[in-house]
Amino acid sequence: MTATHLATRRHTVVDSPYGPLTLVATDGVLSGLFMTEQRHRPPEETFGDADPRPFAETIRQLDAYFAGELREFDLPLHLDGTPFQRSVWEQLRQIPYGETRSYGELAECLGKPGASRAVGLANGKNPVGIIVPCHRVIGASGGLTGYGGGLDRKQRLLAFENGTEDDNPMLF
């Protein structure tokens, strides 16, 4: 990519059991998955033109995930963040479906055992929720802690992955 290249951004909105999801692609590669009322959600005008074409495989994998048929996403991602944030997001992708890790455990995996707070901040800035499973991170005591999409969604995503979600979930 040359210094004169300007990234092309596109977006689309898809329905999910957790409310509408806005998918964003940068140069054709998924760079954002945002829920409604999400903390750290970028302004709509940064999402680019509406165009569903770059998202066929993302939508296919999300549909399979929500149907309980897919446990691990296999998508190229364009993640903008600091090197530390990107290392945290990579660690999130290592947490198996249906399991959780604490912020402290992630900090230890990164070789920075005192950085659980920084891990939490990076986790909260994850631009590709669900696919980069920041919902799988919990507090040291095992309790649910902050989630950019809201604690109710976090609880429901974890229950879904554990097979304990209510048969009649409230939609957003």
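Please read these numbers as outputs of a predicted model, since none were measured by experiment.

Conventions adopted
- Residues numbered from 1 in each chain as written.
- Predicted model: local features only at pLDDT ≥ 70, side-chain atom pairs only at ≥ 80, totals over all residues.
- Heavy atoms only, no water.
- Buried < 20%, exposed > 50% of the residue type's maximum accessible area, 1.4 Å probe, protein only.
- Helix = DSSP H or I, 4+ residues; strand = E, 2+ residues; numbered from the N terminus.
- Pairing = 2+ DSSP bridges.
- Axes fitted to C-alpha atoms, helices over the stretch in contact; angles between N-to-C directions.
- Parallel < 35°, antiparallel > 145°, perpendicular 65-115°, else oblique.
- Contact = heavy atoms within 4.5 Å.

**So, the pairing of strand 3 (residues 29–35)**
And step 1. In terms of residue burial, strand 3 counts as a mostly covered element, since 6 of its 7 residues are buried.
And step 2. Where strand 2 (residues 21–26) meets strand 3, 6 bridges bridge the pair, whose relative direction is antiparallel. The residue of strand 3 that forms the bridge with Ala25 is Leu30.

**Comments concerning the packing of helix 2 (residues 83–92) against helix 4 (residues 116–124)**
And step 1. The geometry of helix 2 relative to helix 4 is characterised by a closest axis approach of 9 Å and an angle of 80 degrees between their N-to-C directions. The angle between helix 2 and helix 4 places the two elements in the roughly perpendicular class. Two secondary-structure elements touch here, helix 2 through Phe84, Gln85, Val88, Trp89 and Leu92 and helix 4 through Ala118, Val119, Ala122 and Asn123.

**Here we look at unusual backbone geometry**
And step 1. Positive phi, normally seen in glycine, also occurs at Asp27, with a value near 50 degrees.
And step 2. Mapping Asp27 onto the fold places it in the loop between strand 2 and strand 3.
And step 3. Of note, the phi angle at Ile130 is positive, near 70 degrees, even though the residue is not glycine.
And step 4. For Ile130, a relative accessible area of 1% translates into the label buried.

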